[in-house]
Amino acid sequence: MNVAQPFPELSWSWTRNQTFLNCRRWYFHAYYSSWGGWRREASNLSRHAYRLKRLVTLDQLFGISVHNQIHRMIDHSQKMTVEAFTASVRKALNRAFWDSKYKQEEWYEQPRDINMLHEMYYDGELPKQKIEEYRERMAVIANHLLSSQTFMDIFDGKGKRIKLISSERFRLFEMEGVKAWVVLDLVFQDLESGKFVVVDFKTGKPSSSDKVQLLLYALFLKEAFHLPGLDQIELRNEYLATGKHASFTPRQTDLEYVQSLIQTSVKEMKAYLRVPEQNVPLDMERFEQTKNRAICRRCAFQELCDRG
């Protein structure tokens, strides 16, 4: 196997866990073969895998663009109009489309600096129906966001009685010597009740994993702020596609479940390491390919697999 070394230390995140569960081969390319692919001395496989890792689906880019505007408003303590919000999101999507269509050679040489849409790379175009769908979603999500419970808490009557703790930052905690990373959309403290409110903004459909992600954030928050009890935490999902939100207070059994999930996940990941202490993986062929073709179609590394 000819991939760049040394590898970074093994760490855990929700995204890494989901990739591992989706397809072991996808996981290998995302976290091993692509590592160091930006270096001049990197192998052809590493350079190619790194390039493919930079692909982004339209749905991912839409979510990223929406989140960028959310944090822009929060960081500047100023709400945007629906028109300004949709214009900013549309601009980001249009730029990605333009880059994908007209800057392919530049992307090939500098994948970190140029956008490349997954759909444009593999299919050569974006279906008109999909483009229209996202145009409609922009205004819907903008309206739901600006009238959401969280934005009412921050910008309306309650605004002076809350303290912003975090607006989309990477945070980490350690579990049995392994760093676990979380990305917090938003955390604020209600100064009247003393509660910490953890918010996750969702642009897609509700998922069974939404609660688990929030519990990961609660695990981090309890440790980071040395909270004596979980009754000081409110976990909230804001579903921007429907305009609804769901809140709950975690229980100790919830956190024990998440701790067990991380421990099991890390143990399974380590089983694919040839040198666990250095995070050196087994050969690529030992990382099984999924049999689910729907997952293959979403994978950025599909052209590295020998499937027709």
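Residues numbered from 1 in each chain as written. Predicted model: local features only at pLDDT ≥ 70, side-chain atom pairs only at ≥ 80, totals over all residues. Heavy atoms only, no water.

Asks: Quick rundown of the pairing of strand β3 (residues 178–190)? Include the residues and the values.
Replies: Residues in a regular strand project their side chains so that they alternate between the two faces of the sheet. Across the 13 residues that make up β3, a large majority, 10, are buried. Where strand β1 (residues 11–13) lies against β3, 3 bridges are found, and the strand directions are parallel. Bridging across to β3, W12 finds its partner in A180. Two strands pair when backbone bridges link them, and β3 and strand β4 (residues 196–202) are joined in this way by 4 bridges, in the antiparallel orientation. When the bridges of β4 are listed, V187 appears paired with V198. What sits between the antiparallel neighbours β3 and β4 is a turn of 5 residues, in which G194 has the positive phi angle 85°. (Buried < 20%, exposed > 50% of the residue type's maximum accessible area, 1.4 Å probe, protein only. Helix = DSSP H or I, 4+ residues; strand = E, 2+ residues; numbered from the N terminus. Pairing = 2+ DSSP bridges.)

Asks: Tell me about unusual backbone geometry, and please be specific about residues and values.
Replies: Working note: non-glycine residues mostly have negative phi, and peptide bonds are mostly trans. Even without being a glycine, E176 presents a positive backbone phi close to 55°. Structurally, the position occupied by E176 is in the loop between β2 (162–175) and β3. Phi at N279 is positive, roughly 60°, even though this residue is not glycine. Within the fold, N279 resides in the loop between β7 (273–275) and β8 (280–281). Given a relative accessible area of 3%, N279 falls into the buried group.

Asks: Which residues make up helix α1 (residues 14–22), and what are the values?
Replies: Within α1 the residues assigned to the buried category are W14, R16, N17, T19 and F20. In this fold, the buried residues of α1 make contact with β1, α2 (24–33), β3, α10 (210–224) and α11 (252–270). (Contact = heavy atoms within 4.5 Å.)

Asks: Give me the environment of K244: which residues, what numbers.
Replies: Relative to the helices and strands, K244 is located in strand β6 (residues 244–248). Judged by relative accessible area, which is 59%, K244 ranks as exposed. The contact partners of K244, leaving out residues within four places of it in the chain, are N237, E238 and Y239.

Asks: Give me the lowdown on the nonpolar core, citing residues and values where you can.
Replies: In this structure, W12, V198 and I262 are the most contacted members of the largest nonpolar core, which totals 55 residues. Looking at this core, the element that brings in the most residues is α10, giving 9 residues. The residues contacting V198, other than those within four sequence positions of it, are L184, L186, V187, L214, Y217, L221, I233, E234, L235 and R236. Of all hydrophobic cores here, the second largest spans 32 residues; its members include I70, I74, F85 and F151. (Core = buried A, V, L, I, M, F, W, Y, C linked by side-chain atoms within 4.5 Å.)

Asks: Can you break down the environment of V275 residue by residue, with the values?
Replies: Positionally, V275 belongs in strand β7. The spatial distance from the C-alpha of V275 to the C-alpha of K222 is 33 Å, given a sequence separation of 53 residues.

Asks: Give me helix α8 (residues 128–146): which residues, what numbers.
Replies: The end-to-end C-alpha separation of α8 is 28 Å, in line with the 27 Å expected for 19 residues at 1.5 Å each. Three or more residues of α8 are buried, namely Y134, R137, M138, I141, A142, L145 and L146. Looking at the buried positions of α8, the neighbouring elements they touch are α4 (58–76), α5 (82–102), α9 (149–155) and β4. (Expected span 1.5 Å × (residues − 1).)

Asks: Break down the pairing of strand β5 (residues 233–239) for me, citing the residues and quoting the values.
Replies: For β5, the buried fraction is high: 7 of the 7 residues fall into the buried class. Bridge count for β4 against β5 is 7 bridges, and the pairing is parallel. Note on β5: the bridge partner recorded for V197 is E234. Pairing between β5 and β6: 5 bridges, direction antiparallel. In the sheet register, L235 faces β6, and the bridge partner there is F248.

Asks: Break down the pattern of salt bridges for me, citing the residues and quoting the values.
Replies: For the structure on display, the rule yields 12 salt bridges. Among the ionic pairs, R161 bridges to E192, the shortest N-O distance being 2.8 Å. Highlighted residues: R161 in the loop between α9 and β2 and E192 in the loop between β3 and β4, separated in sequence by 31 residues. K202 serves as the salt-bridge partner of D200, at 3.2 Å between the closest nitrogen and oxygen. Across the pair, exposure class does not vary: D200 and K202 are buried alike. Sharing partners across several salt bridges, the network here consists of R95, D99 and K103. (Salt bridge = Lys/Arg side-chain N within 4 Å of Asp/Glu carboxyl O.)

Asks: Tell me about the side chain of S65, residues and numbers included.
Replies: Mapped onto the fold, S65 is located in helix α4. Residues in contact with S65, not counting those within four places in the same chain, are V89, A92 and L93.

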